[in-house]
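# Notes for the structure review
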Amino acid sequence: GENVEQHPSTLSVQEGDSAVIKCTYSDSASNYFPWYKQELGKRPQLIIDIRSNVGEKKDQRIAVTLNKTAKHFSLHITETQPEDSAVYFCAATDTDKLIFGTGTRLQVFP
Amino acid sequence: GAVVSQHPSWVICKSGTSVKIECRSLDFQATTMFWYRQFPKQSLMLMATSNEGSKATYEQGVEKDKFLINHASLTLSTLTVTSAHPEDSSFYICSARRGSTIYFGEGSWLTVV
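In this report, the structure presented in the accompanying data block is examined.

## Some words on the nonpolar core
Counting residues in each nonpolar core, the largest one holds 40 residues, and the members touching the most others are Trp35(A), Leu75(A), Phe100(A), Tyr36(B) and Phe104(B). When residues in this core are grouped by element, the largest group, seven residues, is from strand β9 (residues 86–92) of chain A. Among the nonpolar cores identified, the runner-up in size contains 25 residues, and Cys23(B), Met33(B), Cys94(B) and Val112(B) belong to it.

## Notes on the sheet that holds strand β1 (residues 4–7) of chain B
All names here are of chain B. Strands sit in the order β1-β3-β8-β7 across an open sheet of four strands; the sheet is antiparallel. The sheet is open, and its two borders are formed by β1 and β7 (67–73), each paired with just one other strand. Geometrically, the sheet is characterised by an average inter-axis angle of 15 degrees between neighbouring strands, direction not taken into account.

## As for the sheet that holds strand β7 (residues 62–67) of chain A
Residues and elements named next belong to chain A. Read from one edge of the open sheet, five strands run β1-β3-β8-β7-β6, paired in antiparallel fashion. The open sheet has two edge strands, β1 (4–7) and β6 (56–59), and neither has a second partner. Ignoring which end each strand starts from, the neighbouring axes of this sheet average 15 degrees apart. Strand direction decides the pairing type here: β1 and strand β3 (residues 19–25), joined by four bridges, are antiparallel.

## Observations regarding the state of the cysteines
All names here are of chain A. Tallied over the full model, the rule gives two disulfides over all chains. A disulfide bridge connects Cys23 with Cys90, and the sulfur atoms are separated by 1.9 Å. With the S-S dihedral at roughly -100 degrees, the linkage between Cys23 and Cys90 falls on the left-handed side. A residue pair is termed long-range when its members are at least 10 positions apart, and Cys23 in strand β3 and Cys90 in strand β9 qualify at 67 residues.

## Digging into the pattern of salt bridges
Tallied over the entire structure, the rule returns seven salt bridges over all chains. Where Lys57(A) meets Asp49(A), a salt bridge forms, and the shortest distance between an N and an O atom there is 2.8 Å. Across the salt bridge formed by Lys66(B) and Asp88(B), the nearest N and O atoms sit 2.8 Å from each other. Placement of the pair is Lys66(B) in the loop between β6 (57–58) and β7 and Asp88(B) in the loop between β8 (76–81) and β9 (90–98), with a sequence separation of 22 residues. Accessibility expressed as a relative area gives 12% for Lys66(B), which makes it buried.

Thresholds, definitions, all that
- All residue numbers refer to positions counted from 1 along the written sequence of the respective chain.
- Ligands are numbered from 1 and chains lettered from A, in the order in which they are written.
- Owing to the predicted nature of the model, reporting of local features is limited to residues with pLDDT of at least 70; listing and counting of side-chain atom pairs is limited to 80 or more, with chain, interface and lining totals taken over all residues.
- Remark: hydrogens and water are excluded; side-chain values derive from all non-hydrogen atoms of the structure.
- To form a nonpolar core, buried Ala, Val, Leu, Ile, Met, Phe, Trp, Tyr and Cys residues must be joined to one another through side-chain atoms within 4.5 Å.
- Between buried and exposed lies partly exposed: a residue is buried under 20% and exposed over 50% of the maximum accessible area for its type, with that area taken using a 1.4 Å probe on protein chains only.
- Helix and strand definitions follow DSSP, with helices as H or I runs of at least four residues and strands as E runs of at least two, each counted in order from the N terminus.
- A strand pair is defined by DSSP finding two or more bridges across the two strands.
- Axis definition: a line fitted to C-alpha atoms, limited for helices to the stretch in contact. Angles are taken between N-to-C directions and run from 0 to 180 degrees.
- In this description, a disulfide is simply a cysteine sulfur pair whose atoms lie within 2.5 Å.
- The rule for a salt bridge is simple: a side-chain nitrogen of Lys or Arg has to be within 4 Å of a carboxyl oxygen of Asp or Glu.

And the structure:
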């Protein structure tokens, strides 16, 4: 089955800097790669996703890149703000059954 | 508004008792729903796939007799934690797909005392 690894587990940046979170997956059949932001005790919130027929996708300050050959995908947040502080999860799937990465706790310091 | 609704949001039960958590798809039919468990400061771990009208498919290591899943209608899946123990205390959350997007319920905090 699918296995997703995520790094780093914690990331601290200064406000205005960029943050990059990386994930690798094992199943070449996976074709959908969403990223979620989760605040304590709440449901994961989809922030961006990418499908395997696309190499990069951008939405304002957030971008995701996908390298199918290497089986890795990354989340890029530019001009970080304190409200970006949260736990971020990547996931991969070829169906609707999401396999999540281990999570990254992002702290943005003012 | 919410697309997938979960109830209850939190529940406390005594050790040895059973507790049921409901997951509803609002305004759409979901033949498949998914149940996840999340321990504090950990990731979401897939427990099982809930299939409308048939048996659930459990992930490796998840006890099907302990975590009973019923998907009797196209809009409702239930997860029953039987003979709950303190180690079952966790955040349980469901998901379903509408169109091209996967939606999560609000999640249910279970505390077993």
